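Here is what each chain is made of, one letter per residue.
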Amino acid sequence: MNAEVLQAPAVEEQFDDPTQQREAATLGMWLFLATEILFFGVLFASYTVCRVLHSEGFAVASRRTDMLLGSIETAVLLVSSSLIALGVRAVRMNERRLASWLFAGTSALGISFLVMHGFEYHKEYEEHLVPGLDFAQSGANAPAIELFFCLYYFITGFHSLHVFIGVVVIGVLAIRIARGAFGPRHHTTLELAALYWHLVDIVWIFVYPAIYLIGRAG
Amino acid sequence: MNPFHMLIPEASSLAPRIDALFWVMVTLCGLVAAGVFGAMMFFCVRYHRGHRADRTGWQAGSLGVELTWTLVPFALFIAVFVWSLFLFADARTPPADADTLYVVAKQWMWKVQHPTGQREINTLHVPLGHAVRLTMTSQDVIHSFFIPAFRVKQDVLPGRYTQLWFTPTRLGTFPLTCAEYCGLDHSKMGGAVIVLSPAEFARWLKLHGTDLSLAARGAGLFRRSGCGGCHGSNSTVHAPALEGVYGRPVHLADGATVMADERYLHDSITLPNGQVVAGYAPVMPSFAGQLSEEDLLAIIAYLKSISVPSNGGEPP
Amino acid sequence: MSAADPVMAVPNFLDRDYRLRAWLTTHDHKRIAILYALGITFFFFLGGAAATLIRLNLITPDGALLKAQTYNKAFTFHGVVMVWFFLIPSIPTTLGNFLLPLMIGARDVAFPRLNLASWYLYMGGGLFTIAALVAGGVDTGWTFYTPFSTMFSNTNVFLVVAGVFITGFSSILTGLNFIVTVHSLRTRGMSWFRLPLFVWGIYATSLVMVLATPVLAMTLALIALERGLGVGVFDPSLGGDPLLFQHLFWFYSHPAVYIMILPAMGLVSEIIACFVRRRVFGYRFMTYSMLAIAVIGFLVWGHHMFVSGQSLYASMVFSILSFVVAVPSAIKVFNWTATLRKGDITLEAPMLYALGFVGLFMLGGLTGLMLAAPALDMPLTDTYFVVAHFHYVMVGGSVMAYLGGIHYWWPKITGRLYSESWARFAAILMFFGFNLTFFPQYILGYEGMPRRYYSYLPQFQVLNVLSSAGASVLAVAYLLPILYLLWSLRYGERAGNNPWNARGLEWQTRSPPPKENFLEPPVVQEAYAYDQAAPNAGAPPNIGTQVSGGGPGGGTASGGGAAPTGESLQ
């Protein structure tokens, strides 16, 4: 049932052949990922500078984040990355059904990541930790805590936006895999989507220790 | 040294040295520019279509030629860089015997404090031939202290102290301008640097003298703000002693060690819980908003004065 | 041009569907280039209007024309519009978009829909900026230094910052598109070292656009955040660091100036080669130097901060690197000059612009060397010396190159010839007007007149008046091309394929080109093969194998030169 001949994707008119199209798309995605690294790089640089300037305050603020949820989110993303990698492999092996489920699983894990993050945000809101929204902390470290959470919301919010986009795209791809849009010889879109998802995961791997763990060492 | 002295005077010890580098560069760059322009025009005329000239032997490239005009400019650049390196290092290193004056910039004026207590707004009186070091901070946005005739400029930042030094070498009045855009009246934030002979300067100090030197004013603020209540020797609150603190290393609660310079002292008063001393609790209240930048400088001058061995009482 | 020629029945890209909707939904890189050109021209004159106000106000020392606040808004608007809405996009999005696929023998760029999206982003960002103007303008300077921009300015900083943020994505996506295009879509036989230097210039520029612009985007976002929430990333009274902003800002904004100059450098090489009828001297050195400028350009940003409070050691490092980055630029100036030697030179308007570029860019670059030495930068920074320096490289450099390119490729894009005598007159007028405007500013800077001053000390008046007089000449010189170029669209003589008898694949197709760019596969030669005959004009020595009809819409017959020969322009 997985062995029927699939329709080759159309070659757009600026390309001479499918190989050229595939190479162009892949190069384009890698370049896009490079820009993403620079986007997040600025945020990490700013965070690092502010952390050095306010080491005590940032440590205190970091202890107010929810490490349990943060750790589960990390595990969830790591698992989702392996699922999508397996999914691409499944497409290469022409196992359409399995691939579709794996992509759907990735998307579902992404959704669970966003839900857990939503719980975190809600809890922090109730503890008056959201700058600009009823922020109320006292004590000498209050400005540093506000700065920490401002950067926290910017970085994790920006990251969550990327997760959301990934969830939607991968979900759509899961459906299209099930409908036979991809096969062992034409699945470039899936590989590029997986690349994007891996980047999203890698960014989180830097976010997690920087935000959740710094105040909890020792 | 400056052939165009009518353009702008050289009125500090640094100015002729900077002008020398400047005019050497102008000459070198001028020669290069003349060479290139000349070659371009020559070629455009000689090899214009219709003009008979020898066009044989044309080459599309030549490694030797390329390397020559890569390496020769590079060598010249290195020479200029090294010259500039020494000059800039000197420009940033005040002599040990420089008098320290304090400048607070705010939108849109310059407030100057002499160590002997005189205060000025938008003017700076200095004696001829004595090195002067300015320690500067801003109350609001970034400004820049610029004396064109002295060839010195330094940005003045809020939240930190920057420094600039010069030795005036000519009598007279020289414009002082703000050189970093700071809002509405940036163009109006100017003034004058007035260089007087040492005798005239002493007379000026006497005429505008106050009873209090800067350090003495700082001591008064220290008392009135209640600093001695915790930092005094017979206080019940456990607070670091401040005699001798300036210029010494301080061990902080998070394990780091910092030098107690002007900025450290400033931040200890305005953001005390940012850098807590090891072995002490973070209980010091912040005085940000209660003490102006000038007041903080006066207190710092006082703390400096109790950090040097007493040798006749001249404040640093 | 025989009317019976069946090839003539194919419409060119302009004629092919006149409806507005066809233009606004086009995927054709040539149409997108023209859409950009309209926007770019509009913003150029908007920024120029601000400049007019500035120079008029500076005629008198007391700044009688404008109030201080209005003046501050004028120079901010001038900077923002000219940098982000004119200089950075100009050559890449107009001439780059139009020519890149043609020059490499492709049918379009790699991602045409992304290309159209980039244009919408550009216009969208522009809309925000105009909204900021309507909302009363912004008074922070185009550099947005903190804490003034975040904590003190009472103007609508958010709108401008949002506009630039959005336009930044246009830059990133365009750069991404161009890099992939050059890598993937070169026609057979077009190897890397046969590429025209303009393509190399666009390629190097695109690398910088892709890697530097994201930093700007996030920095602007942090400003907006700080302004909105007052959190203290950059505000020292809350424990932040204003120098952090400067580092982040200049990390982008220095490479940004190389985005402005690299396409111009590539473009000038094309023009000089054509009007000297020679290969550019030292082709490989020219390509490597453009790449070197792009890479080293990322390492020099601290030279904007020598007096900012940055450490002595950091200043030293940035200084030596700034000297190093000048070396490849010097190589290029010498190579252009050497290309002239033993050539067969004519001085049409594009050549006048190109030669003007070489001279003025060189002067600007040499003064940049002076500023690279911190000891000299100390008295000169934040004065009119710096203003003169960057206007020499950006206006005497990039803008002149841009105009030269517009003239050079005007016949190809529009199919019309412009009036050569008017064009030469405008070019020469521009050269004189430019020098009269900006050379006095070097002197003003050395004398100590700071920048961003709406009133100044009386002794600076004479030079300011000279500068303003020059600006009026410059204004005329910029308006003239609008007039005669537009006139040529209706009344200009029609152009053939190759009016300049130039080399390069774009000259092997019709003027204007058809939508698919090439009806027959173009013939690839070595770059600047002026010592050989132009293809399709006799018996060309053919070293590139012709593209076999692999994709849809490609050529039909083998390249036997069915296209009509170009008329040369005399």
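Here the structure is shown first, and the text comes after it.
Residues numbered from 1 in each chain as written. Chains lettered and ligands numbered in written order. Predicted model: local features only at pLDDT ≥ 70, side-chain atom pairs only at ≥ 80, totals over all residues. Heavy atoms only, no water.

Draft legend 1. Summary view of the overall build of chain A. Per the secondary structure count, chain A includes 6 helices and 0 strands. For chain A, the α and β elements follow one another from N to C terminus as α-α-α-α-α-α. If one aligns the C-alpha atoms of chain A with their principal axes, the spans along those axes are about 70 × 35 × 30 Å. Looking at chain A residue by residue over its 218 residues, the buried ones come to 51%. Long-range pairs, those at least 24 residues apart, make up 80% of the contacts in chain A between residues at least 6 apart in sequence. If you sum the accessible surface of chain A, you get close to 9,900 Å²; carbon and sulfur atoms cover 67% of it. Considering chain A, the positive charge centre built from 13 side chains and the negative charge centre built from 19 side chains are found 8 Å apart. (Helix = DSSP H or I, 4+ residues; strand = E, 2+ residues; numbered from the N terminus. Buried < 20%, exposed > 50% of the residue type's maximum accessible area, 1.4 Å probe, protein only. Contact = heavy atoms within 4.5 Å. Areas by Shrake-Rupley, 256 points an atom, 1.4 Å probe, with all protein chains shown as cover. Lys, Arg positive; Asp, Glu negative; His and termini not counted. Charge placed at Lys NZ, Arg CZ, Asp CG, Glu CD.)

Draft legend 2. View of the sheet that holds strand β10 (residues 191–196) of chain B. Residues and elements named next belong to chain B. One open sheet accounts for 5 strands, arranged β4-β10-β9-β6-β7; its pairing is mixed. On the outer flanks of this sheet lie β4 (123–127) and β7 (152–156), each paired with one strand and no other. The mean angle between the axes of side-by-side strands here comes to 20 degrees, regardless of whether they run parallel or antiparallel. Examined bridge by bridge, β4 and β10 share 5 bridges and lie parallel to one another. Looking across to β10, one finds that T123 is bridged to A192. (Pairing = 2+ DSSP bridges. Axes fitted to C-alpha atoms, helices over the stretch in contact; angles between N-to-C directions.)

Draft legend 3. Just the state of the cysteines, in detail. Scanning all chains against the criterion turns up 0 disulfides over all chains. The cysteine B:C230 is free of any disulfide, with B:C227 supplying the nearest cysteine sulfur at 8.8 Å. (Disulfide = S-S within 2.5 Å.)

Draft legend 4. The arrangement of the side chain of B:S138 in detail. Residues and elements named next belong to chain B. By secondary structure assignment, the location of S138 is in strand β5 (residues 132–138). Only 3.0 Å separates the side chain of S138 from the backbone nitrogen of D140, close enough to count as a polar contact. Other than its neighbours up to four places away in sequence, S138 contacts A105, H143, V156, L157, P158, G159 and E293. (Polar contact = N/O pair within 3.5 Å; in protein donor to acceptor, adjacent residues only side chain to side chain.)

Draft legend 5. Region of interest: the interface of chain B and chain C. Contact with chain B, which involves 80 residues of that partner, is made by 88 residues of chain C. Carbon and sulfur atoms make up 71% of the area that chain B and chain C hide from each other, which totals about 7,300 Å². If you sort the residues of chain B by the area they bury against chain C, B:R49, B:W58 and B:Y181 come out on top, with a joint share of 11%. For the pair chain B and chain C, the number of links is 2 salt bridges. (Buried area = accessible area lost by both parts, 1.4 Å probe. Salt bridge = Lys/Arg side-chain N within 4 Å of Asp/Glu carboxyl O.)

Draft legend 6. Representation of the pattern of salt bridges within the structure. Residue and element names in this part refer to chain B. Using the criterion set out here, one finds 21 salt bridges over all chains in the structure. Its salt-bridge partner being K304, residue E262 comes within 3.0 Å of it at the nearest N-O pair. In this pair, E262 sits in helix α6 (residues 262–270) while K304 sits in helix α7 (residues 293–305), placing the two residues 42 residues apart along the sequence. One network of salt bridges, with partners in common, ties together R133, E262 and K304.

Draft legend 7. Representation of the nonpolar core in the model. In this structure, B:F145 and C:W84 are the most contacted members of the largest nonpolar core, which totals 323 residues. Ranked by the residues each element gives to this core, the list is headed by helix α8 (residues 242–276) of chain C, at 23 residues. Residues B:V104, B:A215, B:F222 and B:L297 belong to the second largest nonpolar core, which totals 28 residues. (Core = buried A, V, L, I, M, F, W, Y, C linked by side-chain atoms within 4.5 Å.)

Draft legend 8. Structural context of the sheet that holds strand β3 (residues 119–121) of chain B. Residue and element names in this part refer to chain B. Overall, mixed pairing links the 5 strands, which are arranged β3-β2-β1-β5-β8 in an open sheet. Two strands in the sheet have a free side with no partner beyond their single neighbour: β3 and β8 (162–166). Each strand of the sheet is rotated relative to its neighbour by a mean of 25 degrees, with strand direction disregarded. Here strand β1 (residues 99–106) pairs with strand β2 (residues 109–113) via 5 bridges, running antiparallel. Looking at β2, one finds that Y102 is bridged to Q113.

Draft legend 9. Region of interest: the environment of C:A256. One can find C:A256 in helix α8. In this structure the C-alpha to C-alpha distance between C:A256 and C:A294, which are 38 residues apart in sequence, comes to 9.9 Å.

Draft legend 10. Spotlight on unusual backbone geometry. Between B:Q107 and the following residue, B:W108, the backbone shows a cis peptide bond with an omega angle of -5 degrees. Mapped onto the elements of the fold, B:W108 is located in the loop between β1 and β2. Its identity as a non-glycine residue notwithstanding, C:R452 has a phi of 65 degrees, on the positive side. With respect to the helices, strands and loops of the structure, C:R452 is situated in the loop between α14 (420–446) and α15 (461–491). Even without being a glycine, C:Y528 presents a positive backbone phi close to 55 degrees. Here C:Y528 shows up in the segment after α15.

Draft legend 11. Broad picture of the packing of helix α5 (residues 142–178) of chain A against helix α7 (residues 197–229) of chain C. The interhelical angle for the contact between α5(A) and α7(C), taken along N-to-C directions, is 135 degrees, at an axis separation of 12 Å. In terms of their interaxial angle, α5(A) and α7(C) are classed as oblique. Taken as a pair, α5(A) and α7(C) cross one another with a handedness that is right-handed. Contacts from A:E146, A:C150, A:L151, A:F154 and A:F158 in α5(A) reach C:M218, C:A221, C:L222, C:L225 and C:L229 in α7(C). Across the contact of α5(A) with α7(C), the residue classes break down as 9 nonpolar, no polar and 1 charged. (Parallel < 35°, antiparallel > 145°, perpendicular 65-115°, else oblique. Left-handed = near helix turned anticlockwise from the far one by under 90°. Nonpolar A, V, L, I, M, F, W, Y, C, P; charged D, E, K, R; others polar.)

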